[in-house]
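Summary of the model geometry
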Amino acid sequence: MLVLAAADAAFAADAFIPYDCYTESVRLYGAPKGNKITDKELIAGLDINNSKLSAIAACTDMNTRLISGVTTTWGVWDGVANQWSDVKAMNTIGNMSGLQEYDDSDAASTAGVSLNEAANWALQAYWYQEASPDQKIFYATRKDNYEADSDLAEAATKTRQNAFAAADTDNDELLTFDEAMKFYEVVRPLDGKDGATDVKIEKIERAFKVAANFNEPYDKMSFADYEGLEKLMEAAYAEGKLEKTGHARGDNPGEDLSHHCTTI
Ligand SMILES: [Ca+2]
Ligand SMILES: [Ca+2]
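Residues numbered from 1 in each chain as written. Chains lettered and ligands numbered in written order. Predicted model: local features only at pLDDT ≥ 70, side-chain atom pairs only at ≥ 80, totals over all residues.

What about the overall build of the protein?
Let me state the cut-off plainly: Helix and strand definitions here come from DSSP, where helices need a minimum of 4 consecutive H or I residues and strands a minimum of 2 consecutive E residues; each element is numbered from the N-terminal end. Whether two residues are in contact is decided by their C-beta atoms, placed from the backbone, lying within 7 Å.
The helix and strand tally for the protein stands at 11 helices and 4 strands. Across the protein, the fraction of contacts at a sequence separation of at least 24, relative to all contacts at a separation of at least 6, is 57%.

Overview of the packing of helix 7 (residues 150-167) against helix 8 (residues 177-190)
Counted only if it meets this: Structural elements are reduced to axes, namely lines fitted to C-alpha atoms, with helices fitted over the stretch in contact, and the angle between N-to-C directions of any two is expressed from 0 to 180 degrees. Any angle from 65 to 115 degrees is called roughly perpendicular, while one under 35 is roughly parallel, one over 145 is roughly antiparallel, and all others are oblique. Put simply, a crossing is left-handed when the front helix is turned counterclockwise from the back one by less than a right angle, and right-handed when it is turned clockwise. Asp, Glu, Lys and Arg are counted as charged, while Ala, Val, Leu, Ile, Met, Phe, Trp, Tyr, Cys and Pro are counted as nonpolar; the rest, among them Gly, fall into the polar class.
Close contact between helix 7 and helix 8 brings their axes to 8 Å; oriented N to C, the two are set at 160 degrees. The angle between helix 7 and helix 8 places the two elements in the roughly antiparallel class. Our pair here, helix 7 against helix 8, has a crossing hand that is right-handed. Contacts from Thr-159, Arg-160, Ala-163, Phe-164 and Ala-167 of helix 7 reach helix 8 at Glu-179, Ala-180, Lys-182, Phe-183, Val-186, Val-187 and Leu-190. Of the residues in the contact of helix 7 with helix 8, the class split is 8 nonpolar, 1 polar and 3 charged.

Here's the deal with the nonpolar core
We count it as follows: A set of buried Ala, Val, Leu, Ile, Met, Phe, Trp, Tyr and Cys residues, joined through C-beta atoms within 7 Å, is what we mean by a nonpolar core. Residues with at least 20 other C-beta atoms within 10 Å of their own are called buried, those with 12 or fewer are called exposed, and the rest are partly exposed. The C-beta atoms themselves are positioned from the backbone.
Counting 39 residues, the largest nonpolar core has Ala-207, Val-210, Ala-211 and Leu-232 as its most contacted members. Considering each element in turn, this core owes the most residues, 8 residues, to helix 5 (residues 117-130). Filtering out sequence-adjacent residues up to four positions away, Leu-232 remains in contact with Ala-107, Ala-108, Ala-111 and Val-113.

Here we look at the packing of helix 9 (residues 201-213) against helix 10 (residues 223-239)
Interhelical geometry of helix 9 versus helix 10 gives an angle of 110 degrees and a closest axis separation of 8 Å. With respect to helix 10, the element helix 9 is oriented roughly perpendicular. Regarding helix 9 and helix 10, the two cross each other, and that crossing is right-handed. Here Ala-207, Val-210, Ala-211 and Ala-212 of helix 9 come into contact with helix 10, specifically with Asp-225, Tyr-226 and Leu-229. Residues belonging to the contact of helix 9 with helix 10 are distributed by class as follows: 6 nonpolar, no polar and 1 charged.

Quick look at the environment of Glu-230
Residue position: Glu-230 is located in helix 10. Distance from Glu-230 to Ala-207, taken between C-alpha atoms, is 9.8 Å for residues 23 residues apart in sequence.

A short note on helix 5
Selection criterion: The span expected for a helix works out to 1.5 Å for each residue beyond the first.
Between its first and last C-alpha atoms helix 5 spans 20 Å; for 14 residues at 1.5 Å apiece the expected length is 20 Å, and the two agree. For helix 5, the set of buried residues is Ala-119, Trp-121, Ala-122, Leu-123, Gln-124, Ala-125, Tyr-126, Trp-127, Tyr-128, Gln-129 and Glu-130.

What about the environment of Ala-108?
Relative to the helices and strands, Ala-108 is located in helix 4 (residues 105-111). Residues Ala-108 and Lys-231 lie 123 residues apart in sequence; the distance between their C-alpha atoms is 8.3 Å. Setting aside residues up to four positions removed in sequence, Ala-108 forms contacts with Val-113, Ser-114, Leu-115 and Leu-232.

Structural data, given as structure tokens:
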């Protein structure tokens, strides 16, 4: 009884339950400690009346078959401009919160692209869709191969430029979404995205949204935008973004990582 009473007292003293967890903590429930931030603090900066749930992303560790992380993203929808603003990733559960601290600006700088808010937001959804150990190996191997053989790199660029030109029906050197569908159906398999679902419309749409938002006009993408996104992903993998995406086993983050991430 005494033990139970002590436990009850400890529980009562710790009755604060965070709305959700912004960064992972050894104590998912209970009073916040140290510098840990919970969404209770973030909610103060969230426009609760106008914010709507814009995306849910979840990652599964394919070794353990456990969901290793879930995050929800909220934003204010502008029906006139047709875009989200004030986007915030919240309700992060599990081991995905390293992503909250991951700054894509270094990778963007390496890739030579500028990330405005719309491109950055689109990139997060795209990242969850693409993040995989296979892609990490693909990008690293391809970079090495291209550096070792410039003829190979030039031929690969030419193949993709031809696919771009073939998809660019009105020859304005920019692809609308419909044109980009044709382009990505050809190049995604060439870029290691050769799974059964990799040319699904929603996956291509996420790639297009990032590339199109790099530069004006924001509803069209150029060939340079396509190359910029490929370089951005290559740089992000090289910098360790996959490891920040979460892990559920192994002593070293990412060592045994085999993730499948999905965005709704
Ligand atoms: Ca066009
Ligand atoms: Ca554009």
